[in-house]
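Observations on the three-dimensional arrangement
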Amino acid sequence: MNIALLQLCVNSGETPTQRWERVEQLLAQLEDSETELVILPELWAVGFSHFERYAAEAECLQGTTVTRLAAWARRLRCHILTGSFVERTPDGMYNTMALLDAEGCLLGTYRKMHLFGFASRERELLQPGQQARVVATTHGDLGLATCYDLRFPEQFRWMVDHGAEAFLVCAAWPKARLDDWRLFCRTRALENQSFLFACNHTGEMDGCVGAGHSMAVAPDGTILAEAGEEEAVIWLHVDEQEAKAFRERFPALRDRVPMK
């Protein structure tokens, strides 16, 4: 499977329109690259720290983000994880991501379960999702997670128990906790013997600097590719059968002892 992580620079003073222009420029660069999966960061259009803009920029599930990226999925003939957006529903607003197939069809969605409350208004403004999610695709069963979820290993183990062999993570992780980011990405992959593809943003928004360092991690915890702190596209090829093969070679998941 050929994968592209679009590490976007998200800065204060930009508009969603300007960010969309850059995202579409990056997507255009992937034409003829045989990319099969594209991943974008968390709340990249509105900006995670722009809490005062959440309500104004909120959209329905089939709104601008899904509709516009579905057209790119068809154009590139690849799956796209939209990154997340503020979803508006009758029950409130959610931090939601969507996974699209190469026809631009919606395969599944995930609403962020663990909302961030430390120096953040996310928990105040949004509703938490109620269900972890694994989505069946032509590239295997993919578990979906968002940023702060990385700190909660039980969510990732649930996804493995429900068939996941790879995790797709979108994030707006800060540079102040970069060491945590690198540790959690490797740990969640290693302890679950699964691939992990994590797309973060960079840039500065309202005093919070994005960590960047989007990465791809192998089921044995090896970092296969990692960005720096600039806007970048990470492109790599992985053998999607390697998670299953590694679990056979080193069957740690089979050796689990149920806790009572």
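Just above, that's the structure.
Attention here is on the structure that accompanies the text. Please read these numbers as outputs of a predicted model, since none were measured by experiment.

A few words on the overall build of the chain. For the chain, the helix and strand inventory stands at seven helices and 14 strands. Over its C-alpha atoms the chain spans a radius of gyration of 17 Å, differing by no more than 12% from the 18 Å that the globule rule assigns to 260 residues. Structurally, the chain occupies a C-alpha span of about 50 × 45 × 35 Å along its principal axes. Per-residue burial over the chain gives 57% buried out of 260 residues. In the chain, 67% of the contacts between residues at least 6 apart in sequence involve partners at least 24 apart. Element-wise, carbon and sulfur atoms account for 51% of the exposed surface of the chain, whose accessible area totals about 11200 Å². Between the mean site of the 26 positive side-chain charges and the mean site of the 37 negative ones, the chain shows a separation of 5 Å.

Bringing the nonpolar core into the picture now. Residues Ile3, Ile39, Leu168 and Phe197 are the most contacted members of the largest nonpolar core, which totals 26 residues. When residues of this core are traced back to their parent elements, those giving at least two are strand 1 (2-7), strand 2 (37-39), strand 4 (92-100), strand 7 (140-146), strand 8 (166-170), strand 9 (195-199) and strand 14 (232-237). Contacts of Ile3, omitting those with residues within four sequence positions, involve Thr35, Leu37, Ile39, Phe197, Ile234, Trp235, Leu236 and Val238. The next biggest cluster of nonpolar side chains, apart from the first, holds 25 residues, and it includes Leu30, Trp44, Ala98 and Leu100.

Pairing is mixed across the open sheet formed by six strands, whose spatial order is 5-4-3-2-1-14. At either margin of the open sheet sits one strand with a lone partner, and together these are strand 5 (106-111) and strand 14. Going across the sheet, the axis of each strand differs from the next one's by a mean of 25 degrees, ignoring polarity. As judged from the three bridges shared by strand 1 and strand 2, these two strands associate in the parallel manner. Paired with Ala4 across the strands is Val38, a residue of strand 2.

Strand pairing in a sheet takes place through backbone hydrogen bonds and is either antiparallel or parallel in direction. Taken together, the six strands give an open sheet; going across it, the order is 6-7-8-9-12-13, and neighbouring strands pair in mixed fashion. Here the strands that pair on one side only, and so sit at the sheet edges, are strand 6 (133-137) and strand 13 (223-226). Across the sheet, the mean angle from the axis of one strand to that of its neighbour is 20 degrees, orientation sign disregarded. Where helix 6 (residues 178-192) meets the sheet, it contacts strand 8, strand 9, strand 12 (215-217) and strand 13, and its direction lies at approximately 25 degrees from that of strand 12.

The rules behind the values
Residues numbered from 1 in each chain as written. Predicted model: local features only at pLDDT ≥ 70, side-chain atom pairs only at ≥ 80, totals over all residues. Heavy atoms only, no water. Helix = DSSP H or I, 4+ residues; strand = E, 2+ residues; numbered from the N terminus. Rg over C-alpha atoms; globule rule 2.2 N^0.38 Å. Buried < 20%, exposed > 50% of the residue type's maximum accessible area, 1.4 Å probe, protein only. Contact = heavy atoms within 4.5 Å. Areas by Shrake-Rupley, 256 points an atom, 1.4 Å probe, with all protein chains shown as cover. Lys, Arg positive; Asp, Glu negative; His and termini not counted. Charge placed at Lys NZ, Arg CZ, Asp CG, Glu CD. Core = buried A, V, L, I, M, F, W, Y, C linked by side-chain atoms within 4.5 Å. Pairing = 2+ DSSP bridges. Axes fitted to C-alpha atoms, helices over the stretch in contact; angles between N-to-C directions.

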